[in-house]
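Observations on chain architecture
Here's the letter readout for the chains.
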Amino acid sequence: MAQKMFYVADDLASGKEAGGPLRAVNEWNFEQLAPFDYSASSEAAAGLTFAPPDNDAAVGRLARPKVGGFEVFYASPLKKWGLRTTMQNKHIDEDTPLFEYGGELLEDDDKPVAKDDYIFTFEYQNRHFLLDACRRGNLARFVNHSCMPNCYTQLALLQATTATTGDAGHDVPCGQDAMVPHLMICASRKILAGEELTLDYGGAWWDAKRASEDLHCNCNTVKCRYKKTPIGEAS
């Protein structure tokens, strides 16, 4: 018997994903996704410029991945929304680039952000950047944390177009031969069809969350590092 669907959205991406429609489903209750602007790629904020890249071997030069077959799903009332593979993927091999973390690319402290749930930070060319996917993002914003994740992030350089569009349609000058940093999400091991995709958000994220919201990890893995410790037990 087929599982009852309380909520279905046929394509959150509105045709913007090369891998096909991005469906969202809720099999638990009638909760729906909060609205956001879908952007398949990250978009640099107006006025953000980049120098031609150096020969930093730690930064990959990747083509835009075209892996498809993902679905946003309501994982549980505790975890809320997550992202999983569909039966379109028999499996995904280790180190396969899956998609980039779409959002607004900002220089750190450039301006306040609405909510830090959807933010990734990184360094490039001795500058601090953050990707904010709160108002504008893609499927990557639904990847949940796990202390034993099946994905990892990799900083990659992608060729800039004549200009990258930023806020309010302004053009961002990138300079000749400029390569814009993007944050790619890759498979850290073989991922099977129907498996939820997860990342390790890192200690700094959890320290901030536990201090401000008393938030604790619910990944339920044997190596969970951020679960709530019962009174009387060592952390």
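Residues numbered from 1 in each chain as written. Predicted model: local features only at pLDDT ≥ 70, side-chain atom pairs only at ≥ 80, totals over all residues. Heavy atoms only, no water.

This brings us to the overall build of the chain. Tallying secondary structure elements over the chain gives one helix and 19 strands in all. Burial status across the chain gives 43% buried among its 235 residues. A separation threshold of at least 6 residues defines the contact pool for the chain, and within that pool the share at least 24 residues apart is 70%. Carbon and sulfur atoms make up 50% of the accessible area of the chain, which amounts to about 12,700 Å² in all. (Helix = DSSP H or I, 4+ residues; strand = E, 2+ residues; numbered from the N terminus. Buried < 20%, exposed > 50% of the residue type's maximum accessible area, 1.4 Å probe, protein only. Contact = heavy atoms within 4.5 Å. Areas by Shrake-Rupley, 256 points an atom, 1.4 Å probe, with all protein chains shown as cover.)

This paragraph deals with the confidence of the model for the chain. Reading predicted coordinates in detail is not appropriate for stretches of low pLDDT. The predicted model of the chain has a mean per-residue pLDDT of 81, with 78% of residues at 70 or higher. Across residues 162–176, confidence stays below pLDDT 50; counting only partners more than four residues off in sequence or on other chains, it has 33 contacts. (pLDDT = per-residue confidence, 0-100.)

This part is about the pattern of salt bridges. Tallied over the full model, the rule gives ten salt bridges. For E107, the salt bridge identified is with R127, shortest N-O distance 3.1 Å. You can see E107 sitting in strand 9 (residues 104–107) and its partner R127 sitting in strand 11 (residues 127–132), a full 20 residues away along the chain. Overall, the relative accessible area of 24% leaves E107 in the partly exposed class. Look at the salt bridges and you will find they share partners, linking R23, E27, E71 and R84 into a network. (Salt bridge = Lys/Arg side-chain N within 4 Å of Asp/Glu carboxyl O.)

The mixed open sheet is built from four strands, whose spatial order is 1-2-5-6. Bordering the open sheet on either side are strand 1 (7–9) and strand 6 (80–85), each of which pairs with just one other strand. Geometrically, the sheet is characterised by an average inter-axis angle of 20° between neighbouring strands, direction not taken into account. Here three bridges tie strand 1 to strand 2 (residues 23–26), and the two strands are oriented antiparallel to one another. When the bridges of strand 2 are listed, Y7 appears paired with N26. (Pairing = 2+ DSSP bridges. Axes fitted to C-alpha atoms, helices over the stretch in contact; angles between N-to-C directions.)

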